[in-house]
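# Topology and contacts: notes
Chain by chain, the residues run as shown.
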Amino acid sequence: GAVTVTATEDAAINALSVAASLAVSGGIVAIAISGAGAVADNSILGGAKAYAVDSTIEATNGAVTFEATNLSDIEAKIISASVSVAVGGGGVGASLGVAIARNTIGMGDAVDVHAYAQDTGITAGTDLRFTAEADQTVDALVLSVSAALAGGAGFGLAASGSGVYTENRIAVDVKSAIDGDGSTVVTADRVTVEASDESRITADAAAASIAASFGFVGVAISIGVSLAFNSIDSDVVAFIDGTDVTT
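Residues numbered from 1 in each chain as written. Predicted model: local features only at pLDDT ≥ 70, side-chain atom pairs only at ≥ 80, totals over all residues. Heavy atoms only, no water.

### Side note on the overall build of the protein chain
Put simply, the test is: In DSSP terms, a helix is any run of H or I states spanning at least four residues, a strand is any run of E spanning at least two, and both are numbered starting from the N terminus. Note that the radius of gyration is over C-alpha atoms, with the globule rule given as 2.2 Å times the number of residues to the power 0.38. Residue burial is assigned from relative accessible area. The probe radius is 1.4 Å, only protein chains are included, and a residue is buried under 20% of its type maximum, exposed over 50%, and partly exposed in between. Only heavy atoms enter the contact rule, under which two residues are in contact if any of them lie within 4.5 Å. Residue burial considers only the protein chains on display, and all accessible areas are found by Shrake-Rupley using a 1.4 Å probe. Charged residues are defined narrowly, with Lys and Arg counted positive, Asp and Glu counted negative, and His plus the chain ends left uncounted. All charge positions are set by atom: Lys at NZ, Arg at CZ, Asp at CG, Glu at CD.
When you go through the protein chain residue by residue, the secondary structure sums to 0 helices and 13 strands. Taken from N to C terminus, the helices and strands of the protein chain fall in the order β-β-β-β-β-β-β-β-β-β-β-β-β. Computed over the C-alpha atoms, the radius of gyration of the protein chain is 29 Å, more than 25% above the 18 Å expected from 2.2 N^0.38 for a compact globule of 247 residues. Its C-alpha atoms put the protein chain at 95 × 25 × 20 Å along the principal axes. A total of 247 residues make up the protein chain; the buried ones form 41% of that total. At a minimum sequence separation of 6, the contacts of the protein chain that also span at least 24 residues come to 85%. For the protein chain, the accessible surface area stands at approximately 11,200 Å², while carbon and sulfur atoms represent 54% of it. Of the side-chain charges in the protein chain, 8 are positive and 28 negative, and the distance between the mean point of each set is 5 Å.

Set out below in structure tokens:
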């Protein structure tokens, strides 16, 4: 019969973080201050390994297959909204919105996706196949909106600030191998050793800030900052070493 060794990681995180704040003030002197912050930190570790070490495998009438697959996925939506309104004889409105997201697959050490045989003799009647496949995905939406409105008969001061920071990282080590000790023998009709990485990051980050003031003296200040850092660090290898292969 056939021999199949399979390892699969299919971890998934679906995160939604929302923060909203509203401040309204009215009077002879009106002051409204509003702030909202949303933070999300999502991480997937682990890995998938399908392997044989110091063994003998015989499937004289069938195939021998080693498959390691990682399909980890992070979907994160982080939204922050802050609004302040101050209206009176004199009005002061201040609003601050902050959204922070950090999404990682493989943190510190890379996620291992390995399909291999080490110092192992193999006889397959048909196919011998080693397949290591990484297909991780990070999809992040980070949005911050801040608005301040101030007005008065005398003076109006409106200040609004919005900031977004997102960091998305994937680190993966993909290996497919027949690794012998120099005397290892492998026999099969067909031998396939393949490794692939199709990791993807989709990141949308936006910061919007609006400030409006009215009065005999009106001052409006608005600042928006958006920062995004994305990286994919992958090491992909497929090899046969120290092995006598006969097909």
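### Some points on a nonpolar patch on the surface
Heads up, the condition is: Patch membership needs two things, relative accessible area over 30% and no salt bridge, and members are linked within 9 Å if like-charged or within 5 Å if nonpolar (Val, Leu, Ile, Met, Phe, Trp, Tyr). Salt bridges are identified by distance alone: a Lys or Arg side-chain nitrogen within 4 Å of an Asp or Glu carboxyl oxygen.
A surface patch of nonpolar side chains, about 900 Å² in accessible area, is lined by F155, L157, F216, V217, V219, I221, I223, V225, L227 and F229. Elements represented by at least two residues in the nonpolar patch include exactly β10 (137-187) and β13 (217-246). A per-element tally of the nonpolar patch places β13 first, with 7 residues. One can find L157 in strand β10.

### Looking at the environment of D181
Defined as follows: Side-chain atoms alone can form a polar contact between residues adjacent in sequence; in general such a contact is a pair of N or O atoms within 3.5 Å, and within protein one must be able to donate a hydrogen while the other accepts it.
In this fold, D181 is placed in strand β10. C-alpha separation for the pair D181 and I122, spaced 59 residues apart in sequence, amounts to 13 Å. For D181, the contacting residues outside a window of four places in its chain are D119 and G242. A polar contact is formed between the side chain of D181 and the side chain of T184, at a distance of 3.1 Å.

### A look at the sheet that holds strand β1 (residues 3-9)
Strands belonging to one sheet form pairs held by backbone hydrogen bonds; the direction of such a pair is parallel or antiparallel. Our working definition: Between any two strands, pairing holds if DSSP finds at least two bridges. Only the stretch in contact is used when fitting a helix axis, every axis being a line fitted to C-alpha atoms; angles between N-to-C directions are given from 0 to 180 degrees.
In space, the 4 strands of this open sheet follow the order β1-β5-β9-β11, with parallel pairing throughout. Strand pairing shows two members of the sheet lacking a second neighbour, β1 and β11 (190-197), which therefore form its edges. The sheet shows a mean angle of 0° between the axes of neighbouring strands, direction not considered. Inspection of the sheet shows strand β5 (residues 64-70) paired to strand β9 (residues 127-134) by 7 bridges, in the parallel sense. Along β9, the bridge assignment pairs V64 with L128.

### Here we look at the packing of aromatic side chains
How we decide: Note on aromatic pairs: the rings of Phe, Tyr and Trp (six-membered ring only in Trp) are paired at centre separations within 6.5 Å, and the planes decide the class, stacked below 30 degrees, edge-to-face beyond 60, tilted for the rest.
Going through the model one piece at a time under the given rule, you end up with 3 aromatic pairs. Taking the centre distance of 5.2 Å and the plane angle of 5° together, the rings of Y51 and Y116 count as stacked. Of this pair, Y51 sits in strand β3 (residues 47-53) while Y116 is found in strand β7 (residues 111-118), placing the two residues 65 residues apart along the sequence. A ring pair is formed by Y165 and F229, whose centres lie 5.7 Å apart and whose planes are at 45°; its orientation type is tilted. Of this pair, Y165 sits in strand β10 while F229 sits in strand β13; the two residues are 64 residues apart in sequence, bridging distant segments of the chain.

### Some remarks on the pattern of salt bridges
In total, this model carries 7 salt bridges according to the counting rule given. Residue D127 pairs with R190 through a salt bridge whose shortest N-O separation is 2.7 Å. Residue D127 is found in strand β9, and its partner R190 is found in strand β11; the two are separated by 63 residues along the sequence. E167 serves as the salt-bridge partner of R169, at 2.5 Å between the closest nitrogen and oxygen. Taking relative accessible area as the criterion, E167 reaches 11% and is therefore assigned buried. One continuous salt-bridge network, built from bridges that share partners, spans D41, R102, E167 and R169.

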